[in-house]
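Coordinates in review
Each chain, written out:
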Amino acid sequence: MTDRGRSTTGTTARATLDKAAHENFPVAPFFLPRAWREDLMAIYGYARLVDDIGDGDLAPGGADARLLGVAPGQAEDRLAVLDAFEADLRRVFDGVPAHPLLRALQPVVRRHRLAPEPFLGLIAANRQDQLVRRYETWDDLLAYCALSANPVGRLVLGVTGTTTPERVRRSDAVCTALQVVEHLQDVAEDLGRDRIYLPAQDMKRFCVSEDDLARPTAGASVRALIAYEADRARRLLDEGGAPLAGSVRGRLRLLLAGFTAGGYAALDAVTAAGYDVLPGPPRPTGPNLLRQIANVLRAARTEG
């Protein structure tokens, strides 16, 4: 590879990793041991890249597709790029991957003996996004979140060596909640991609049509629907967050509390917007995030 090619490759990978600053939760905060931070960022890079492929948000110019060996004529075919990405992921476990973010992931996988299944789940979720654009029931949405969100929490437990059946169950609740909250924040953006993650049964219950979701601001029925789904997400955070954080100690407790607090703070932002998410995603404030971290840590001490 030429110096220019290496520079482009590094820039592409860095652009993906830089998106961590815009997440609702801290990805690899400074207080963690350096080894954990590096491993979590490698996992984040993987998860962010597969989502960017599925959403059509790759960096302009097709560098990622080229790295994965996708023919130029298929660079805009998301399913083709996902297939190539899966093939490169499999090389993480039994070969030499081509993409730099997957090369960075390989030592993490080997060091912690991580299984392929969580990584494959994230690819399956993004394939599903190309084929399924509406969800009929809450249970259907939960099944999607089991692919799109829950694997990330399981990988965090794997990297930190804290996996148990109970922690996995609690982590799944938190991750599903975080995914639902993100869907609530991004209703307008998702609709622009012809995707709706609000269950059709709930839309009917609250007399909300797709046209209602396309308006500049939300009417009373849309606000009531968003409030209903936000309450569901909050209950999932209550179920998983403090008990999960309370089951561990030290800096890991602070990390897991931060994940949960990010969900609470985002829900507070949705509430503060009067559940009108259509003008744009309501974003949490830094001070409220810190307050929520303190709240989760207090509750975790009770659980612990």
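Scroll up for the structure.
Here we summarise the structure given alongside this text. Values in this document were obtained by computation on a predicted structure and should not be read as measured data.

1. Let's talk about helix α4 (residues 78-94)
The end-to-end C-alpha distance of α4 is 25 Å, a good match for the 24 Å that 17 residues give at a rise of 1.5 Å each. Along α4, the residues classified as buried are A80, V81, L82, A84, F85, E86, D88, L89 and V92. Looking at the buried positions of α4, the neighbouring elements they touch are α2 (34-55), α5 (100-112) and α6 (117-131). Two or three places before L79, at the start of α4, stands the capping residue D77, its side-chain oxygen 3.1 Å from that residue's backbone nitrogen.

2. Considering the nonpolar core
Ranked by size, the top nonpolar core spans 81 residues in total, and within it Y46, F85, L198 and L213 carry the most contacts. With ten residues, helix α14 (residues 250-272) is the largest single contributor of residues to this core. With sequence-adjacent residues up to four places away left out, Y46 is seen in contact with F85, L89, L102, L105, F119, L120, L122 and I123.

3. As for helix α8 (residues 150-160)
Among the eleven residues that make up α8, nine are buried, leaving the element largely enclosed by the rest of the structure. All of the buried residues in α8 are N150, P151, G153, L155, V156, L157, G158, V159 and T160.

4. Notes on the pattern of salt bridges
Counted according to the given criterion, the structure contains 24 salt bridges. Its salt-bridge partner being D194, residue R134 comes within 2.8 Å of it at the nearest N-O pair. One end of the pair, R134, is in the loop between α6 and α7 (138-148); the other, D194, is in the loop between α10 (187-192) and α11 (200-205), with 60 residues separating them in the sequence. Here R134 falls in the partly exposed class, since its relative accessible area comes to 32%. The partly exposed category is assigned to D194, whose relative accessible area is 39%. Among the ionic pairs, E136 bridges to K204, the shortest N-O distance being 3.7 Å. Residue E136 is located in the loop between α6 and α7, and its partner K204 is located in helix α11; the two are separated by 68 residues in the primary sequence.

5. Details of the state of the cysteines
By definition, a disulfide is the covalent link that joins the sulfur atoms of two cysteine residues. All told, the structure shown has zero disulfides when counted by the stated rule. Distance from the sulfur of C175, which forms no disulfide, to the nearest cysteine sulfur (C145) is 9.8 Å. Looking at C175, the relative accessible area reads 11%, which means it is buried.

6. Focus: the packing of α6 against α8
Between α6 and α8, the shortest axis-to-axis distance is 9 Å and the interhelical angle comes to 160°. Comparing the axis directions of α6 and α8 gives the class roughly antiparallel. When the axes of α6 and α8 are compared, the crossing they make is left-handed. Contacts between α6 and α8 involve P118, F119 and L122 on the former and, on the latter, P151, V152 and L155. When its residues are assigned to classes, the contact of α6 with α8 shows six nonpolar, no polar and no charged.

7. A few points about a nonpolar patch on the surface
A cluster of nonpolar residues, L79, L131 and V132, forms a patch on the protein surface that exposes about 250 Å² of accessible area. Tracing the backbone shows L131 in helix α6. Judged by relative accessible area, which is 65%, L131 ranks as exposed.

8. Describing the packing of aromatic side chains
A full pass over the atoms with the stated rule returns eight aromatic pairs. Ring centres of F30 and F31 lie 5.8 Å apart, and the angle between their planes is 80°; on these two criteria the pair is classed as edge-to-face. For F30, a relative accessible area of 73% translates into the label exposed. Members of the aromatic cluster, joined through ring pairs, are Y46, F85, F93 and F119. Residue placement shows R205 over the ring face of Y228; its charged tip is 4.7 Å from the ring centre.

9. Details of the side chain of T160
One can find T160 in helix α8. Given the relative accessible area of 10%, T160 is considered buried. Within polar-contact distance, the side chain of T160 engages the side chain of T162 at 2.9 Å. Residues contacting T160, with those up to four places away along its chain left out, are W36 and L252.

Conventions and cut-offs
- Residues numbered from 1 in each chain as written.
- Predicted model: local features only at pLDDT ≥ 70, side-chain atom pairs only at ≥ 80, totals over all residues.
- Heavy atoms only, no water.
- Helix = DSSP H or I, 4+ residues; strand = E, 2+ residues; numbered from the N terminus.
- Expected span 1.5 Å × (residues − 1).
- Buried < 20%, exposed > 50% of the residue type's maximum accessible area, 1.4 Å probe, protein only.
- Contact = heavy atoms within 4.5 Å.
- Polar contact = N/O pair within 3.5 Å; in protein donor to acceptor, adjacent residues only side chain to side chain.
- Core = buried A, V, L, I, M, F, W, Y, C linked by side-chain atoms within 4.5 Å.
- Salt bridge = Lys/Arg side-chain N within 4 Å of Asp/Glu carboxyl O.
- Disulfide = S-S within 2.5 Å.
- Axes fitted to C-alpha atoms, helices over the stretch in contact; angles between N-to-C directions.
- Parallel < 35°, antiparallel > 145°, perpendicular 65-115°, else oblique.
- Left-handed = near helix turned anticlockwise from the far one by under 90°.
- Nonpolar A, V, L, I, M, F, W, Y, C, P; charged D, E, K, R; others polar.
- Patch = residues over 30% accessible without salt bridge, like charges linked within 9 Å, V, L, I, M, F, W, Y side chains within 5 Å.
- Areas by Shrake-Rupley, 256 points an atom, 1.4 Å probe, with all protein chains shown as cover.
- Phe/Tyr/Trp six-rings, centres within 6.5 Å; stacked < 30°, edge-to-face > 60°.
- Lys NZ or Arg CZ within 6 Å of the ring centre and 35° of its normal.

Shape is all these values report; function is a separate question.
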